[in-house]
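# Chain and residue survey
Each chain, letter by letter, is given below.
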Number of protein chains: 2
Amino acid sequence: MDKYDVLKLDNQLCFPLYAASREVVKKYHPLLSRLDLTYTQYITMMVMWERREISAKEIGERLLLDSGTLTPVLRSLEKKGLITRKRADSDERVLLCTVTPAGMELREQAVGIPTELAGCVALSPEEARSLYHLLYKLLGRE
Amino acid sequence: MDKYDVLKLDNQLCFPLYAASREVVKKYHPLLSRLDLTYTQYITMMVMWERREISAKEIGERLLLDSGTLTPVLRSLEKKGLITRKRADSDERVLLCTVTPAGMELREQAVGIPTELAGCVALSPEEARSLYHLLYKLLGRE
DNA sequence: GCCGATTCGATTGAATTCAATTAAATTATA
DNA sequence: TATAATTTAATTGAATTCAATCGAATCGGC
């Protein structure tokens, strides 16, 4: 036991968090490529399916993404015809995003993905619940 | 309760994993910038501090990173004088990385980081342990 | 109305991240 | 020994990711 043990990879909490996140996103790849979506585009569409019309700022708050990440994602979703982007009448600084009918249709093809992915995860339902709560606690959201 | 509930952001396990990973890496940023290291460079140096001499392939296995990510990281660490890169005599395909004296000295400045970061994390020791084990289980490594 | 502060989105630049491919070297097999 | 298969890095290309900065629009106090 020496003072450098705190710097061992196996003693880090952050590393498995970082690695697990990348591994799970990687598992989504084959499923999402069938919908021609990246993972970031997918979670953005999740917000759009829930809210139908929402400002770019609110999307960023929900996903914890800043505009440097979100701006190209939203543009790409608009280019695919899944959302529209327009300035709000009441405040020209606000970018309003609205899901299109084609965007809503995509939800039909996406509905199988969560269960399909759950099959790839080696956690019991209680473990998954426990992990979920710990992560939200880590995010300072409960 | 309709069939689209599985697509709600709040019902995803992957999203808080993805968001928490980015948030925690972001917390490292001010600490690591004092060492002129990015997070990826930091965990690579952790491996180097433990192993002193190791092949690029083994680093990738340890960090779950492929060569497309690792190659520029190793080059950058060499450029800073923290490691050296050379081909193995026994097998020219193997890239051997060795930590330099300057690289070992950097460990002295890094040793405070884990405890400094622990202060930013709102989890009790038991919760942290529990999260650690769940993440390694998710990674299929226990 | 006027001016400074704030908000919002876009832009830029550096670093990841990974799939897919290539190239070189080694090993295994006929 | 030839040839095929495998291993290991490197390269390429597309998409993130975020810090820092900018410009336009709005808001607040006077």
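The shown structure was predicted, so the numbers you read here are calculated from the model rather than taken from an experiment. (Residues numbered from 1 in each chain as written. Chains lettered and ligands numbered in written order. Predicted model: local features only at pLDDT ≥ 70, side-chain atom pairs only at ≥ 80, totals over all residues. Heavy atoms only, no water.)

## Considering the protein's contact with DNA strand D
Among the 26 residues in the neighbourhood of DNA strand D, the closest are listed as A:Thr38, B:Tyr18, B:Lys57, B:Arg75 and B:Arg93. Contact between DNA strand D and B:Arg22: a phosphate oxygen at 3.2 Å from a side-chain N or O atom of the residue. Contacts to DNA strand D include B:Ala56, whose backbone N or O atom sits 3.4 Å from a phosphate oxygen. Of all elements in the fold, only helix 2 (39-51) and helix 4 (67-79) of chain A together with helix 1 (14-33), helix 3 (56-63), helix 4 (67-79) and strand 2 (83-87) of chain B reach the threshold of two or more residues within the surface near DNA strand D. No other element matches the 4 residues that helix 4 of chain B contributes to the surface near DNA strand D. Tallied by class, the residues present in the surface near DNA strand D amount to 6 nonpolar, 9 polar and 11 charged. (Near = heavy atom within 4 Å. Polar contact = N/O pair within 3.5 Å; in protein donor to acceptor, adjacent residues only side chain to side chain. Helix = DSSP H or I, 4+ residues; strand = E, 2+ residues; numbered from the N terminus. Nonpolar A, V, L, I, M, F, W, Y, C, P; charged D, E, K, R; others polar.)

## Examining the relation of the copies chain B and chain A
Least-squares fitting of chain B to chain A yields an RMSD of 0.0 Å, with the transformation described by 0.0 Å of translation along the axis and a rotation of 180°. Look at the turn and shift together and you get a two-fold axis relating the two. Both copies share a contact surface, since 100% of the interface residues of chain B are interface residues in chain A too. (Least-squares fit on C-alpha atoms with pLDDT ≥ 70 in both. Contact = heavy atoms within 4.5 Å.)

## Thoughts on helix 4 of chain A
Because each turn of an α-helix spans 3.6 residues, side chains separated by three or four positions in sequence point in the same direction. All names here are of chain A. Across its 13 residues, helix 4 extends 18 Å between first and last C-alpha, which sits within 8% of the 18 Å expected from 1.5 Å per residue. Packed against the buried residues of helix 4 are helix 2, helix 3 (56-63), strand 2 (83-87) and strand 3 (95-99). The backbone nitrogen of Gly 68 has a side-chain oxygen 3.1 Å away, supplied by the residue at the start of helix 4, namely Asp 66. Remark: Gly 81 follows helix 4 within two positions and exhibits a positive phi of approximately 85°. (Expected span 1.5 Å × (residues − 1).)

## With respect to the sheet that holds strand 3 of chain A
Strands pair in a sheet through their backbones, by hydrogen bonds, and they do so in one of two ways: parallel or antiparallel. Residues and elements named next belong to chain A. What the 3 strands build is an open sheet, ordered 1-3-2; its pairing is antiparallel. Pairing within the sheet leaves two strands with one partner each, and these edge strands are strand 1 (53-55) and strand 2. Averaged over all neighbouring strand pairs, the angle between strand axes comes to 25°, with direction disregarded. Along the sheet face, helix 2 touches strand 1, strand 2 and strand 3 and points at about 80° away from the line of strand 3. Lying over the sheet, helix 4 contacts strand 2 and strand 3, oriented at roughly 120° with respect to strand 2. (Pairing = 2+ DSSP bridges. Axes fitted to C-alpha atoms, helices over the stretch in contact; angles between N-to-C directions.)

## Comments concerning the pattern of salt bridges
Charged atoms that come close allow side chains of opposite charge to pair. For the structure shown, the criterion picks out 24 salt bridges over all chains. Note that A:Arg62 and B:Asp10 form a salt bridge whose closest N and O atoms lie 3.3 Å from each other. Taken as a pair, A:Arg62 in helix 3 and B:Asp10 in the segment before helix 1 lie in two separate chains rather than in one. Residue class for A:Arg62 comes out partly exposed when judged on its relative accessible area of 24%. Notably, a salt bridge pairs B:Arg51 with B:Glu58, separated by 3.5 Å at the nearest N-O pair. (Salt bridge = Lys/Arg side-chain N within 4 Å of Asp/Glu carboxyl O. Buried < 20%, exposed > 50% of the residue type's maximum accessible area, 1.4 Å probe, protein only.)

## As for the pairing of strand 3 (residues 95-99) of chain B
Residue and element names in this part refer to chain B. Burial analysis of strand 3 places 4 of its 5 residues in the buried class, the great majority of the element. Of the strand pairs in this sheet, strand 1 (residues 53-55) and strand 3 are connected by 3 bridges, and their pairing is antiparallel. Paired with Ser 55 across the two strands is Leu 96, which belongs to strand 3. By the bridge criterion, 5 bridges tie strand 2 to strand 3 in an arrangement that is antiparallel. Across the sheet, Arg 87 pairs through a bridge with Leu 95, a residue of strand 3.

By themselves, these are just geometric observations and shouldn't be taken as functional.
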